[in-house]
Amino acid sequence: QVQLVESGGGLVQPGGSLRLSCAASGSIFSINRMGWYRQAPGKQRELVATITRGGSTNYADSVKGRFTISRNNDKNTVYLQMNSLKPEDTAVYYCNAVKYPDGYWGQGTQVTVSS
């Protein structure tokens, strides 16, 4: 089992920045990929960004150039730096870890972009 705990969400004005953190614990050996997904009210959960154990990254088109995913393997933590935030980025952000063949989710953290 893998446990994931997110932090760093909150309220920010348009154009502002936030950094989300996700700390992994438990059976973290050989986690293949970690990432961030988000779900806005009335919408399906969607991919934001992922990063593999080797450091390869993937981003949704809507966040390219504004968000950066990174990981600290020593701390078993993955980060999402979010810049130039827009109201449409408002959602609950979920951390995800894939350890084949299983996937794990955190409890989510709310990000609200509003003036």
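Everything below is about the structure printed above this text.
So, a few notes on the structure that sits alongside this text. (Residues numbered from 1 in each chain as written. Predicted model: local features only at pLDDT ≥ 70, side-chain atom pairs only at ≥ 80, totals over all residues. Heavy atoms only, no water.)

1. A closer look at the state of the cysteines
Throughout the structure, instances matching the rule amount to one disulfide. In this model, C22 is linked to C95 through a disulfide, with the two sulfur atoms separated by 2.0 Å. Judged by the sign of its S-S torsion, about -85°, the cystine formed by C22 and C95 is left-handed. On the criterion of sequence distance, the pair formed by C22 in strand β3 (residues 18-26) and C95 in strand β9 (residues 91-99) is long-range, its members being 73 residues apart. Like C95, C22 is buried. (Disulfide = S-S within 2.5 Å. Helix = DSSP H or I, 4+ residues; strand = E, 2+ residues; numbered from the N terminus. Buried < 20%, exposed > 50% of the residue type's maximum accessible area, 1.4 Å probe, protein only.)

2. Focus: the packing of aromatic side chains
Throughout the structure, instances matching the rule amount to two aromatic pairs. On the numbers, 5.1 Å between centres and 70° between planes, the contact of Y37 with W105 is edge-to-face. Here W105 lies in strand β10 (residues 102-105) and Y37 lies in strand β4 (residues 33-39), a separation of 68 residues in the sequence. Seen in terms of ring centroids, Y94 and W105 are 6.5 Å apart; in terms of plane orientation they differ by 90°. Their pairing is edge-to-face. Here W105 lies in strand β10 and Y94 lies in strand β9, a separation of eleven residues in the sequence. Look at Y94 and you get buried, because its relative accessible area is 14%. Here the aromatic cluster, defined as three or more aromatic residues joined through ring pairs, consists of Y37, Y94 and W105. Stacked on the ring of Y94, the Lys or Arg R45 has its end atom at 3.7 Å from the ring centre. Lying over the aromatic face of W105, R45 brings its terminal NZ or CZ to 4.5 Å of the ring centre. (Phe/Tyr/Trp six-rings, centres within 6.5 Å; stacked < 30°, edge-to-face > 60°. Lys NZ or Arg CZ within 6 Å of the ring centre and 35° of its normal.)

3. Thoughts on the environment of G35
Relative to the helices and strands, G35 resides in strand β4. The class of G35 is buried, set by a relative accessible area of 0%. Residues G35 and D74 lie 39 residues apart in sequence; the distance between their C-alpha atoms is 17 Å. Other than its neighbours up to four places away in sequence, G35 contacts A49, T50, I69, Y94, C95 and N96. (Contact = heavy atoms within 4.5 Å.)

4. As for the nonpolar core
Grouped burial of nonpolar side chains is what soluble globular proteins tend to show. Counting residues in each nonpolar core, the largest one holds 30 residues, and the members touching the most others are L4, M34, W36, L80, M82 and Y93. Of all the secondary structure elements, the ones that give two or more residues to this core are β1 (2-7), β3, β4, β5 (46-52), β7 (67-72), β8 (77-82), β9 and β11 (109-113). With sequence-adjacent residues up to four places away left out, M82 is seen in contact with G16, S17, L18, L20, R66, F67, Y93 and V111. (Core = buried A, V, L, I, M, F, W, Y, C linked by side-chain atoms within 4.5 Å.)

5. With respect to the sheet that holds β3
Reading across from one edge, β1-β3-β8-β7 is the order of the four strands in this open sheet, with antiparallel pairing throughout. For this open sheet the edge positions go to β1 and β7, each flanked by a neighbour on one side alone. In this sheet, neighbouring strand axes are inclined to one another by 15° on average, regardless of whether the strands run parallel or antiparallel. For β1 and β3, the ladder comprises six bridges, and the chain directions are antiparallel. Residue pairing across strands places S7 opposite S21, the latter belonging to β3. (Pairing = 2+ DSSP bridges. Axes fitted to C-alpha atoms, helices over the stretch in contact; angles between N-to-C directions.)

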